[in-house]
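# Coordinate inspection notes
For reference, the chains in residue letters:
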Amino acid sequence: AQSVTQLDSHVSVSEGTPVLLRCNYSSSYSPSLFWYVQHPNKGLQLLLKYTSAATLVKGINGFEAEFKKSETSFHLTKPSAHMSDAAEYFCVVSLGYSTLTFGKGTMLLVSP
Amino acid sequence: DVKVTQSSRYLVKRTGEKVFLECVQDMDHENMFWYRQDPGLGLRLIYFSYDVKMKEKGDIPEGYSVSREKKERFSLILESASTNQTSMYLCASSLGDRDTGELFFGEGSRLTVL
């Protein structure tokens, strides 16, 4: 069995400040982990993925995430938020294509 | 780049109507998926298909059926639409046996049932 918990439903930051979106997972095996982003009225786009290689994963648009097995976490970070980062973010745990589990999403709000 | 195309972005239907949502992918992916997205509930899997004419139920298949007659096309069918099926529907595709679960999504079809 596997599960994923996104610890915040909404996160508000000011433009230029750091972003932290938190994700904890539970899995019986070594999972693959993903972060997806969804802009308003759009589909989901892959930001980054962890598949048992380097624990610090770099993604698009300056985002990165660190896999911490001891904490069962896969938090998403960005050093400096931009207005265009305002979107909903989903953490996903996978044991293969038929066993994907999505978190409920974190809405990132960026103010000027 | 992989492209997943959902033919209808916005639909308005009446209760009891039959509804078809079409999805086409152009990268020869083996797997295709239909998700439903509702506020506060995230994405929930309705059905998926790992090959032509094959289908598997997801977490919430009740009230839905699917069809995959060609590899590139995966259709979601609501036999008799109900108001509780008002939602955003997302189609996705992924590679075959060796894939890790990375999905490529369409832009979604927002269905309103009156």
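Structure: above.
Fair warning: this is a prediction, and the values are worked out from it, not measured in the lab.

About the criteria used
- Residues numbered from 1 in each chain as written.
- Chains lettered and ligands numbered in written order.
- Predicted model: local features only at pLDDT ≥ 70, side-chain atom pairs only at ≥ 80, totals over all residues.
- Heavy atoms only, no water.
- Helix = DSSP H or I, 4+ residues; strand = E, 2+ residues; numbered from the N terminus.
- Rg over C-alpha atoms; globule rule 2.2 N^0.38 Å.
- Buried < 20%, exposed > 50% of the residue type's maximum accessible area, 1.4 Å probe, protein only.
- Disulfide = S-S within 2.5 Å.
- Phe/Tyr/Trp six-rings, centres within 6.5 Å; stacked < 30°, edge-to-face > 60°.
- Pairing = 2+ DSSP bridges.
- Axes fitted to C-alpha atoms, helices over the stretch in contact; angles between N-to-C directions.
- Core = buried A, V, L, I, M, F, W, Y, C linked by side-chain atoms within 4.5 Å.
- Contact = heavy atoms within 4.5 Å.
- Buried area = accessible area lost by both parts, 1.4 Å probe.
- Salt bridge = Lys/Arg side-chain N within 4 Å of Asp/Glu carboxyl O.
- Polar contact = N/O pair within 3.5 Å; in protein donor to acceptor, adjacent residues only side chain to side chain.
- Nonpolar A, V, L, I, M, F, W, Y, C, P; charged D, E, K, R; others polar.

### What about the overall build of chain A?
Each helix and strand counted, chain A has 0 helices and 12 strands in total. Reading chain A from its N terminus to its C terminus gives the helix and strand order β-β-β-β-β-β-β-β-β-β-β-β. For 112 residues, the compact-globule estimate of 2.2 N^0.38 gives 13 Å, and the C-alpha radius of gyration of chain A, at 13 Å, lies within 12% of that figure. For chain A, the spread of C-alpha atoms along the three principal axes comes to 40 × 30 × 20 Å. Looking at chain A residue by residue over its 112 residues, the buried ones come to 45%.

### A short note on the state of the cysteines
Summed over the entire model, instances satisfying the criterion amount to 2 disulfides over all chains. The disulfide partner of Cys23 of chain A is Cys91 of chain A, and the S-S distance across this bridge is 2.0 Å. When the S-S torsion is -70°, as for the bridge of Cys23 of chain A with Cys91 of chain A, the disulfide is left-handed. You can see Cys23 of chain A sitting in strand 4 (residues 23–27) and its partner Cys91 of chain A sitting in strand 10 (residues 87–94), a full 68 residues away along the chain. For the pair Cys23 of chain A and Cys91 of chain A, one class covers both residues: buried. Between the sulfur atoms of Cys23 of chain B and its disulfide partner Cys91 of chain B the distance amounts to 1.9 Å. Residues Cys23 of chain B and Cys91 of chain B are joined through a disulfide that is left-handed, its torsion about the S-S bond being -75°.

### A look at the packing of aromatic side chains
The tally for this structure, following the rule as stated, stands at 13 aromatic pairs over all chains. Consider the rings of Tyr25 of chain A and Phe67 of chain A, whose centres lie 5.8 Å apart with planes at 25°: the pair is stacked. Remark: Phe67 of chain A occurs in strand 8 (residues 64–68) and Tyr25 of chain A occurs in strand 4; sequence separation between them is 42 residues. Judged by relative accessible area, Tyr25 of chain A falls into the buried class, the value being 8%. Their ring planes at 70° and their centres at 5.2 Å tell us that Phe102 of chain A and Tyr35 of chain B sit as a pair that is edge-to-face. Placement of the pair is Phe102 of chain A in strand 11 (residues 100–102) and Tyr35 of chain B in strand 4 (residues 31–38), with the two residues belonging to separate chains. The pair Phe102 of chain A / Tyr35 of chain B is uniform in exposure class, with both members buried. Taken together through their ring pairs, the aromatic side chains of Phe34, Tyr36 and Phe102 of chain A together with Phe33, Tyr35, Phe48 and Phe105 of chain B make up a single cluster.

### A look at the sheet that holds strand 1 (residues 4–6) of chain B
All names here are of chain B. One open sheet holds the 4 strands; their spatial order is 1-3-8-7, and the pairing between them is antiparallel. Whereas interior strands pair on both sides, the edge strands pair on one side only; in this sheet they are strand 1 and strand 7 (65–70). In this sheet, neighbouring strand axes are inclined to one another by 20° on average, regardless of whether the strands run parallel or antiparallel. Sheet topology places strand 1 next to strand 3 (residues 19–25); 3 bridges connect them, and they run antiparallel. If you follow Thr5 over to strand 3, its bridge partner there is Val24.

### A few points about the pairing of strand 5 (residues 32–38) of chain A
Residue and element names in this part refer to chain A. Among the 7 residues in strand 5, 7 count as buried, and that is most of the element. Across 6 bridges, the pairing between strand 5 and strand 6 (residues 44–50) is antiparallel. Residue pairing in the sheet places Tyr36 in a bridge with Leu46 of strand 6. Connecting strand 5 to the antiparallel partner strand 6 that follows it, the hairpin turn spans 5 residues, and Asn41 within it adopts a positive phi of roughly 60°.

### Thoughts on the nonpolar core
If you look at the biggest cluster of nonpolar residues, it comprises 26 residues, and the most contacted ones within it are Trp35, Leu48, Leu76 and Tyr89 of chain A. It is strand 10 of chain A that contributes the most residues to this core, 4 residues altogether. Judged by nonpolar contacts, the second largest core, of 20 residues, contains Leu21, Tyr47, Leu76 and Leu78 of chain B.

### A few points about the interface of chain B and chain A
The partner chain A presents 21 residues to the 24 residues of chain B that form the contact. Counting each side, the surface lost to burial between chain B and chain A is near 1800 Å², with a carbon and sulfur contribution of 56%. There are 2 salt bridges connecting chain B and chain A. Put simply, Lys49 of chain A and Glu102 of chain B hold a salt bridge, and the shortest N to O gap is 2.6 Å. Our enumeration of links across chain B and chain A arrives at 5 residue pairs in polar contact (both at pLDDT 80 or more). Elements supplying a minimum of two residues to the side of chain B that touches chain A: strand 4, strand 5 (42–49) and strand 9 (87–94) of chain B. With 4 residues, strand 4 of chain B is the largest single contributor of residues to the side of chain B that touches chain A. Residues that form the side of chain B that touches chain A fall into these classes: 10 nonpolar, 9 polar and 5 charged.

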